[in-house]
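Each chain, letter by letter, is given below.
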Amino acid sequence: MARSRSKHVCSECGHEALAWSGQCGGCGAWNTLEETVVAPKTKRGPGSGGDKARKGGARATPLRDVARPQEARLLSGIGELDRVLGGGFVPGSLVLLGGAPGIGKSTITAMALGNLAASGRRTLYVTGEESAAQVRMRAERLGDDALAVPALAETDLAAVIGAIEAEAPEVCVVDSVQTLHSGELSSAPGSVAQVREAASGLMEVAKRTGTAMVLVGHVTKEGSVAGPRVLEHLVDCVLVFEGERERSYRTLRALKNRFGATSEVGVFEMRSGGLVAVEDPSARFVGEATAAPGSVVLCSMEGTRPLLVEVQALVAPTEVVPPRRVANGIDRNRLAMVLAVLSRHAGVQMGSADVFVNVAGGVRVDEPGADLAVALALASARSGKPLAHADGRPLACFGEIGLTGELRAVGHPERRLAEAAKFGLESVIAPPAPAPDLGPLAPAKTLRGALKRARAICADAASPVEPLDAAA
Ligand code: TYD
Ligand code: MG
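This one's a predicted model, so the numbers in the text were calculated from it and none came from an experiment.

About the cut-offs
- Residues numbered from 1 in each chain as written.
- Chains lettered and ligands numbered in written order.
- Predicted model: local features only at pLDDT ≥ 70, side-chain atom pairs only at ≥ 80, totals over all residues.
- Heavy atoms only, no water.
- Axes fitted to C-alpha atoms, helices over the stretch in contact; angles between N-to-C directions.
- Helix = DSSP H or I, 4+ residues; strand = E, 2+ residues; numbered from the N terminus.
- Parallel < 35°, antiparallel > 145°, perpendicular 65-115°, else oblique.
- Left-handed = near helix turned anticlockwise from the far one by under 90°.
- Contact = heavy atoms within 4.5 Å.
- Expected span 1.5 Å × (residues − 1).
- Buried < 20%, exposed > 50% of the residue type's maximum accessible area, 1.4 Å probe, protein only.
- Pairing = 2+ DSSP bridges.
- Phe/Tyr/Trp six-rings, centres within 6.5 Å; stacked < 30°, edge-to-face > 60°.
- Near = heavy atom within 4 Å.
- Polar contact = N/O pair within 3.5 Å; in protein donor to acceptor, adjacent residues only side chain to side chain.
- Areas by Shrake-Rupley, 256 points an atom, 1.4 Å probe, with all protein chains shown as cover.
- Nonpolar A, V, L, I, M, F, W, Y, C, P; charged D, E, K, R; others polar.
- Core = buried A, V, L, I, M, F, W, Y, C linked by side-chain atoms within 4.5 Å.

Chemist: Just checking my understanding: could you explain the packing of helix α9 (residues 332-345) against helix α10 (residues 371-383) for this structure?
Modeler: Pairs of packed helices are described in terms of their axes, by the angle between the two and the distance that separates them. At a closest axis distance of 10 Å, the pairing of α9 and α10 adopts a crossing angle of 60°. In this view, α9 runs oblique relative to α10, as classed from their interaxial angle. For α9 against α10, the interelement crossing comes out right-handed. Residues Arg334, Leu335, Met337, Val338, Leu339 and Leu342 of α9 touch α10, and the partners they reach there are Asp371, Val374, Ala375 and Leu378.

Chemist: Hey, could you run me through helix α3 (residues 105-118) in this one?
Modeler: The terminal C-alpha atoms of α3, which comprises 14 residues, lie 20 Å apart, in line with the 20 Å expected from a rise of 1.5 Å per residue. Most of α3 is tucked away: eleven of the 14 residues are buried. Buried within α3 we find Lys105, Ser106, Thr107, Ile108, Thr109, Ala110, Met111, Ala112, Leu113, Gly114 and Leu116. One or two residues past the end of α3 sits Gly120, with phi positive at roughly 90°.

Chemist: Just checking my understanding: could you explain the pairing of strand β7 (residues 171-175) for this structure?
Modeler: For a regular strand, side-chain orientation follows a simple rule: the groups alternate between the two sheet faces. The buried fraction of β7 amounts to five of the five residues, a majority that puts the element mostly inside the structure. Of the two faces of β7, the one holding Val171, Val173 and Asp175 and the one holding Cys172 and Val174 are both buried throughout. The pairing of strand β5 (residues 123-127) with β7 spans five bridges and is classified as parallel. Counterpart to Val126 in the pairing with β7 is Val174. Bridge analysis of β7 against strand β8 (residues 212-218) gives five bridges, and the strand direction is parallel. Each bridged residue has a counterpart across the sheet, and for Val173 the counterpart in β8 is Val214.

Chemist: Before we go on, may I ask you to explain the sheet that holds strand β3 (residues 33-38) in this structure?
Modeler: Picture the strands of a sheet paired through backbone hydrogen bonds; they go either parallel or antiparallel. Reading across the sheet, the three strands line up as β2-β1-β3 and stay open at both edges, with antiparallel pairing between neighbours. Pairing within the sheet leaves two strands with one partner each, and these edge strands are β2 (16-17) and β3. Alignment of strand β1 (residues 5-10) against β2, held across two bridges, turns out to be antiparallel. If you follow His8 over to β2, its bridge partner there is Ala17.

Chemist: So what exactly am I meant to see when it comes to the packing of aromatic side chains here?
Modeler: Given two aromatic rings, their pairing is described by the distance between the two centres and the angle made by the two planes. In the structure shown here, the tally under the stated rule is one aromatic pair. Pairing Phe241 with Phe268 gives two aromatic rings, centres 6.0 Å apart and planes at 85°, and the pair type is edge-to-face. Here the residue Phe241 occupies a position in strand β9 (residues 237-243), and Phe268 occupies one in strand β11 (residues 265-271), the gap between them amounting to 27 residues. Overall, the relative accessible area of 2% leaves Phe241 in the buried class. Note on Phe268: relative accessible area 0%, which makes it buried.

Chemist: Help me out: how do you make sense of the site of ligand 1 in this one?
Modeler: Within the structure, ligand 1 sits among 16 residues, and Gly102, Ser106, Thr107, Arg271 and Gly274 are positioned closest to it. Within the side chain of Thr107, one N or O atom sits 2.5 Å away from an oxygen atom of ligand 1. Contact between ligand 1 and Arg138: an oxygen atom at 2.8 Å from a side-chain N or O atom of the residue. Its free accessible area being 560 Å², ligand 1 has 77% of it covered by the protein chains. Its residues assigned to classes, the shell around ligand 1 comprises five nonpolar, seven polar and four charged.

Chemist: Just checking my understanding: could you explain the sheet that holds strand β12 (residues 274-277) for this structure?
Modeler: Reading across the sheet, the nine strands line up as β6-β5-β7-β8-β4-β9-β10-β11-β12 and stay open at both edges, with mixed pairing between neighbours. Two strands close off the open sheet at either side, each with one partner strand: β6 (151-153) and β12. Neighbour-to-neighbour, the strand axes of the sheet open up by a mean angle of 25°, direction not taken into account. Across the sheet, helix α6 (residues 157-167) touches β5, β6, β7 and β8, and the angle it forms with β5 is around 170°.

Chemist: Honestly, the nonpolar core in this entry has me stumped. Any pointers?
Modeler: Generally speaking, soluble globular proteins have nonpolar side chains that are buried together. Counting residues in hydrophobic clusters, the biggest one holds 67 residues, and the most contacted among them are Leu335, Leu342, Val357, Leu378 and Ile429. Top contributing element to this core by residue count: α10, with nine residues. Residues in contact with Leu378, not counting those within four places in the same chain, are Ala313, Val315, Leu335, Val338, Leu339, Leu342, Met350, Val355 and Val357. One finds Ile108, Leu142, Val149 and Ala212 within the second-largest nonpolar core, a separate group that totals 33 residues.

Chemist: Sorry, what's going on with the environment of Asn31 here?
Modeler: Its place among the elements puts Asn31 in the loop between β2 and β3. Taking C-alpha positions, Asn31 is 8.5 Å from Cys10, a pair spaced 21 residues apart along the chain. Leaving out residues up to four positions away in the same chain, Asn31 has contacts with Trp20 and Gly22.

Pasting the structure below:
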């Protein structure tokens, strides 16, 4: 039998070479040669396709007549995870779970497999990163269910595929995909070629055995899963686990999901016995909100669910040139834009001060609706006046800020306002809504108008936003 071997193919021009080199001999591009496996040649004549070609080619089927997949979902028993997955794992599918080291990827997968094993499902935990003994120690913290999961410490791709074929698990976790290596490639484990080879091998066995496969992947410094996003289009679902390692809150979101919405987000808290779903994150974040200067509550949307979070800002004299602009939980460019609009259209200048903006609890909000919260928190931090009612209850807001200083509508104003009302927040500064009477809405058309509104509402609590530069 012909042995398979590897070759190096340029990703730009398709030029093939037997050995790797930094520059492609075909098109002259640098670092484009990637190692791939050459499948052994089968004995077929030219114009292959063999029998099918002779019988008049492959037949297409009207979609109406294609058998519907039997979508019996496998529930992990972790409500937030099942929701983000779109209702549990789909048999035969590939899920990529990415996240920074120490965020809790191994913990959540071990918990999910434990629950599945307890409900009578066949499971398998393949660990390439830790020894089986280390996995056991984690499982001990998670409880009896997690200890029932069969574990395999293996990094050889062929051996892992063999074990999956033999054990035929309904759900299998590979932790992590970057540790697997195929003997057919000479490149090191974790390289693009190896990761791609491992993922396609696992995908093939997943489809064949109907196993729901979870690939754990590290996120590189650039923020992509497994290097240059090689896996993201291969798999059915990409989940990312985010948060700060030192903080207890974690968010799980879907970047891609062939079986559900990508807007869902799960919120977890890391405790001593594993991850605990935070059923009502708004209550948590509002309860922790301080009514100190520089703090405001943002009514954000996490997928289909409204979420109240606290946005904090600090403006402090600087010792460095240029001054610092630090953003945690929001986009840095968005912060720069809000600072520019504040200065140009609302007369709030930060001058040469350091500026820090933080979303409390280690949460990330990736939506333009957070702009107004950032602006109000900054203005309040600048003036040292709190954004709160006389009784100390915090002010809430949402809305996108345009470059001309106007406030722009964002999605689901009614849900955001309803959530604020649910937690007893009386005033929500936001762009005017189409329906006039929406609970606690305090409408404003421009950023300047919003600052004025905030000043009026918080007058009793010592007027909040009085930008020093705009005092005149
Ligand atoms: P881990 O799941 O190993 O992270 P990852 O696989 O993403 O690298 O664990 C993350 C951290 O969580 C680790 O520092 C230990 C901590 N932890 C707890 O606080 N409680 C627990 O019950 C467990 C299992 C871990
Ligand atoms: Mg791990």
